[in-house]
Amino acid sequence: MNIEIKEQNGTYVGILSGWLDTNAASQFMEDIKVLEENIDKSIVLDCKNLEYICSLALRGLLKLKKESADKGGRLVLRNVEGEVRHILTLTGFIKLFDFE
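Values in this document were obtained by computation on a predicted structure and should not be read as measured data.

A.B. asks: Explain the sheet that holds strand S5 (residues 98–99) residue by residue, including any values.
C.D. replies: On the basis of which strands lie adjacent, the open sheet formed by five strands has the order S1-S2-S3-S4-S5 and mixed pairing. Lying at the two open borders of the sheet, with one neighbouring strand each, are strand S1 (2–8) and S5. Direction of pairing for strand S3 (residues 42–53) relative to strand S4 (residues 74–78): parallel, over a ladder of five bridges. Pairing of Leu-45 across the sheet is with Leu-77, part of S4. Most of the contacts of helix H4 (residues 82–91) go to S3, to which it runs at about 105 degrees, and overall it touches S3, S4 and S5.

The rules behind each value
Residues numbered from 1 in each chain as written. Predicted model: local features only at pLDDT ≥ 70, side-chain atom pairs only at ≥ 80, totals over all residues. Heavy atoms only, no water. Pairing = 2+ DSSP bridges. Helix = DSSP H or I, 4+ residues; strand = E, 2+ residues; numbered from the N terminus. Contact = heavy atoms within 4.5 Å. Axes fitted to C-alpha atoms, helices over the stretch in contact; angles between N-to-C directions.

This is how it looks when you write it as structure tokens:
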């Protein structure tokens, strides 16, 4: 699992790739701390190259979304496809997020 975070015109973009499984979830939570520090801004998580996401990582995303909403920011998921879209649909998380 890899995440690359960049700032583009006031929006923070996290590009996710690989398998975000239970083993990678704790590192993922560390890696997104820069997003948590800018939670009042727009955050886009690009999932085009994300192949899998586990329930622990889904909870982390939900926490990030709630904190963002509480602080006046916005979290959007982009390019959610394949297995990741299927997992979000099965778990009902597809209804909880905004998509581009």
